[in-house]
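Each chain, letter by letter, is given below.
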Amino acid sequence: MENSNLRNYEIDTPQYVLYKDMHKNQDLEFVTKKKQQYSQLTNKIMNIKDVLNKMNEFIDPSDPDLDESNIIHAYQTAERIRKKHPDNKQLQITGLIHDLGKILFTFHEPNWAVVGDTYVVGCKFPESIVYYDTLQDNKDFNKYDKLGIYKENCGLDALHLSFGHDEYLYQVLLQNKNHFLSKQYWDIIRYHSFYPWHTNNEYHYFMNETDKDILTNVLDFNQYDLYSKEDTEFVLTDEIKTYYDDLLDELFPHDLQW
Ligand code: FE
Ligand code: FE
């Protein structure tokens, strides 16, 4: 898996345009405003299966490796996990639902506030961020030093990450108390797009003890999320659909506030 053709980002592609807009607009002020707005969960009451089915309509514009709709990506990720972890139903469901925060598209959020790698606002931007140069358009560029508004070892939970589908679904899982998915899986969802941290080893000075476990879990998860995109032969069968419908009924028996 080491030599991969995945995640190659070139200039003047749709990905470049998306990141340019994201890097210009996602500053500390924007992020705190969006977090405040969406943590109210006043958009809709929906069953998680309806949200999954809506993913039929989305192809992730930030992803250079994906031209399937997001529902196929959801089942592929879950199936990769099921092969490796046949007894871990919570992790399988995490694979299935991890991108459902992309429902933000239906609330008229622009692509750059829904998808793409996340980064911390309110401190210096590390140079390993994809398309780093475009961060010069951010009004917080040069405003903060390495720690910025945070303290060393404050924990990931204290950080403001650029807003998108990760944080939104995390808030849905955190605040709806009527489901049975455990917290360690919400954390995987919350940080799965945080590539500067989990893959480029940035920001580790903000981590506390529990974040080390989160990192291990996120890195394990990432291989199923990323490389599932290389299963070009994948067919969504009735067996697969029924298997996950049953699991969703078990873990999410009630509608959720979104
Ligand atoms: Fe994602
Ligand atoms: Fe994904």
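Now for a description of the structure that goes with this document. (Residues numbered from 1 in each chain as written. Chains lettered and ligands numbered in written order. Predicted model: local features only at pLDDT ≥ 70, side-chain atom pairs only at ≥ 80, totals over all residues. Heavy atoms only, no water.)

1. Points about helix α10 (residues 238-251)
A rise of 1.5 Å per residue sets the reference length of α10, with its 14 residues, at 20 Å; its end C-alpha atoms lie 20 Å apart and thus fit the reference within 8%. Where the residues of α10 are buried, they touch α3 (48-54), α4 (70-84) and α5 (89-97). (Helix = DSSP H or I, 4+ residues; strand = E, 2+ residues; numbered from the N terminus. Expected span 1.5 Å × (residues − 1). Contact = heavy atoms within 4.5 Å.)

2. Side note on the coordination of the iron ion (ligand 2)
Protein coordination at the iron ion (ligand 2): the donors are His73 (NE2), His98 (NE2), Asp99 (OD) and Asp225 (OD), at 2.2 to 2.3 Å from the metal. Taken as an interatomic distance, the gap from the iron ion (ligand 2) to the iron ion (ligand 1) is 3.5 Å; aspartate 99 donates to each of them. Placement of the pair is histidine 98 in the loop between α5 and β2 (120-121) and aspartate 225 in helix α9 (residues 209-227), with a sequence separation of 127 residues. Here histidine 98 falls in the buried class, since its relative accessible area comes to 0%. (Donors = N, O, S within 2.8 Å, 3.2 Å for Na, K, Ca; no water. Buried < 20%, exposed > 50% of the residue type's maximum accessible area, 1.4 Å probe, protein only.)

3. Focus: the coordination of the iron ion (ligand 1)
Distances from the iron ion (ligand 1) to its protein donors, Asp99 (OD), His165 (NE2) and His192 (NE2), fall at 2.0 to 2.2 Å. Of note, the iron ion (ligand 1) draws all its donor residues from one chain, in the sequence arrangement D-x65-H-x26-H.

4. Regarding the environment of isoleucine 93
Structurally, isoleucine 93 is set in helix α5. Apart from the residues lying within four places of it in its own chain, the contact partners of isoleucine 93 are Leu181, Tyr244, Leu247, Leu248, Leu251 and Phe252.

Keep in mind these values describe shape, not function.
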